[in-house]
Every structure is written in structure tokens, then in C-alpha cells.
Amino acid sequence: MIRPAKPEDTAALIAVANTIGFEPNELEYLDKMLADYFGGNTDSNCFWITDDDDEDGPVGVAYCEPERMTDGTWNLQLIAIRSDCQGQGRGGKLLRYVEETLKARGGRMLLVETLASFERTRKFYAKCGFEEEACIRDFYTAGADKIVFRKVL
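Residues numbered from 1 in each chain as written. Predicted model: local features only at pLDDT ≥ 70, side-chain atom pairs only at ≥ 80, totals over all residues. Heavy atoms only, no water.

### A word on the overall build of the protein chain
The test is simple: The way it works is that DSSP assigns letters per residue, a run of H or I at least four long becomes a helix, a run of E at least two long becomes a strand, and they are numbered from the N terminus. As a reference, a globule follows 2.2 Å times the number of residues to the power 0.38, and the radius of gyration itself is taken over C-alpha atoms. Remark: exposure states derive from per-residue accessible area (1.4 Å probe, protein chains only) relative to the maximum for the residue type, with buried under 20%, exposed over 50%, and partly exposed in between. Residue contacts are counted whenever heavy atoms from the two residues lie within 4.5 Å of one another. Neither His nor the chain termini are counted; the positive set is Lys and Arg, and the negative set is Asp and Glu. Working definition for charges: the position is that of NZ of Lys, CZ of Arg, CG of Asp or CD of Glu.
Of the regular secondary structure elements, the protein chain holds 4 helices and 7 strands. Taken from N to C terminus, the helices and strands of the protein chain fall in the order β-α-α-β-β-β-α-β-α-β-β. What you see for the protein chain is a C-alpha radius of gyration of 15 Å, in line with the 15 Å of a compact globule of 153 residues. C-alpha extents for the protein chain along the principal axes are approximately 40 × 30 × 30 Å. Per-residue burial for the protein chain yields a buried fraction of 41% across its 153 residues. Long-range pairs, those at least 24 residues apart, make up 55% of the contacts in the protein chain between residues at least 6 apart in sequence. Between the centroid of the 19 positive side chains of the protein chain and the centroid of its 27 negative side chains there is a distance of 6 Å.

### Some points on the pattern of salt bridges
Heads up, the condition is: Basic side-chain nitrogens of Lys or Arg form a salt bridge, by our definition, when they fall within 4 Å of a carboxyl oxygen of Asp or Glu.
Under the defined criterion, the tally for this structure stands at 12 salt bridges. Here Asp 52 and Arg 3 are joined by a salt bridge, their closest N and O atoms 2.8 Å apart. Remark: Arg 3 occurs in strand S1 (residues 2-4) and Asp 52 occurs in strand S2 (residues 47-53); sequence separation between them is 49 residues. Linked through salt bridges whose partners overlap, the residues forming this network are Arg 3, Asp 9 and Asp 52.

### Focus: the pairing of S2
Heads up, the condition is: Between any two strands, at least two bridges found by DSSP are needed for them to pair.
Burial of S2 is extensive: 7 of the 7 residues sit out of reach of the surface. Where S1 lies against S2, 3 bridges are found, and the strand directions are antiparallel. Residue pairing in the sheet places Ile 2 in a bridge with Asp 51 of S2. With 7 bridges connecting them, S2 and strand S3 (residues 57-66) associate as antiparallel partners. For Asp 52, the partnering residue across the bridge sits in S3 and is Pro 58. Hairpin geometry of S2 and S3 is characterised by an intervening segment of 3 residues between the two adjacent antiparallel strands.

### What to know about the nonpolar core
How we decide: Remark: nonpolar core denotes a set of buried residues (Ala, Val, Leu, Ile, Met, Phe, Trp, Tyr, Cys) joined through side-chain atoms within 4.5 Å.
Core analysis: the largest hydrophobic core is formed by 21 residues, its most contacted members being Leu 76, Leu 95, Val 98, Leu 110, Tyr 125 and Phe 130. Of all the elements in the fold, those that place two or more residues in this core are S2, S3, strand S4 (73-81), helix H3 (90-104), strand S5 (109-115) and strand S7 (144-152). Excluding residues within four positions of it along the chain, Val 98 makes contact with Phe 47, Ile 49, Ala 62, Cys 64, Leu 76 and Leu 110. Within the second largest apolar cluster, 14 residues are counted, among which are Val 16, Leu 34, Cys 46 and Leu 78.

### Some words on the environment of Glu 28
Tracing the backbone shows Glu 28 in helix H2 (residues 24-38). Sequence spacing of Glu 28 and Cys 85 is 57 residues, and the spatial spacing of their C-alpha atoms is 23 Å.

Structure (C-alpha cells):
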């Protein structure tokens, strides 16, 4: 069941990020972001959603925020499915839910970025109808390019 995230999901959402390889400092930042969101300490219309398995609780997470000073452009900042639940179509369903949520909010375009070396992730976005829009060489570090994907909603 895909639904808006709730404060009691925090530990499970951080666990999802942990299973896909987030570093400890990234997990700390994610915890702070969730605390700010659930505490009402955010100034945007961002939203968190989760894929909640009836037996295991949250197994997926997505975080989306509007691009400031644009007309209906959004950024998908995070989408993840717990590693033991991948390959079941959950990521695609979660992404479609994000897209429908954005359309209902008047969203016009969705952007997402990833590392050029994440071939599986890039294939996932292409399969979901995203087009590669840009490559920013050496963005993360020397030799670690950022790939930006775009989808018109």
C-alpha cells in the first residue's frame, strides 16, 4: 500500500536507505530531513511517501520537492526500495504514485538525478519514461558525473 509517510515510519525509512548503501552521514542527514518535515520545519510543499508492506511495514520511500522559482517543476530527491524487496515492480509503482500526486498538485515536469555509474538506476528511469536531459561531468567528484533525467507530466 502506497501512502503518505507518517512520523512513526521514520526508523523504517532510514532502514530502507541503509539497505541500499547510504553512508552513516547520509543516514543522519535523512533523519534530520524527516524530523524537520514531520515537525513542520520546512518551507516548501515537499512530500514523503512510503510503500508499506502489510507484514513488514515500510519497504520503500520517495521524497519529492518543488523546484523554487519555476512553474510546476519538481525534483525527485529520493526513491528507494529495500534491497530484499527490489525486482518486484515496487519502484515503478511508487514512481507512478509520485507522478499522479504531482499532477494533482499542478506539476508539469519531474526531474531526477543520479550518478552516471549507476547503470541499473539509469535503466529504471528510462523504463519509466524519463529521458536523459543532461550530464554534468565531475559533479560529485573527479570522474563521478551527474546524469539528470526529465519527464513531462
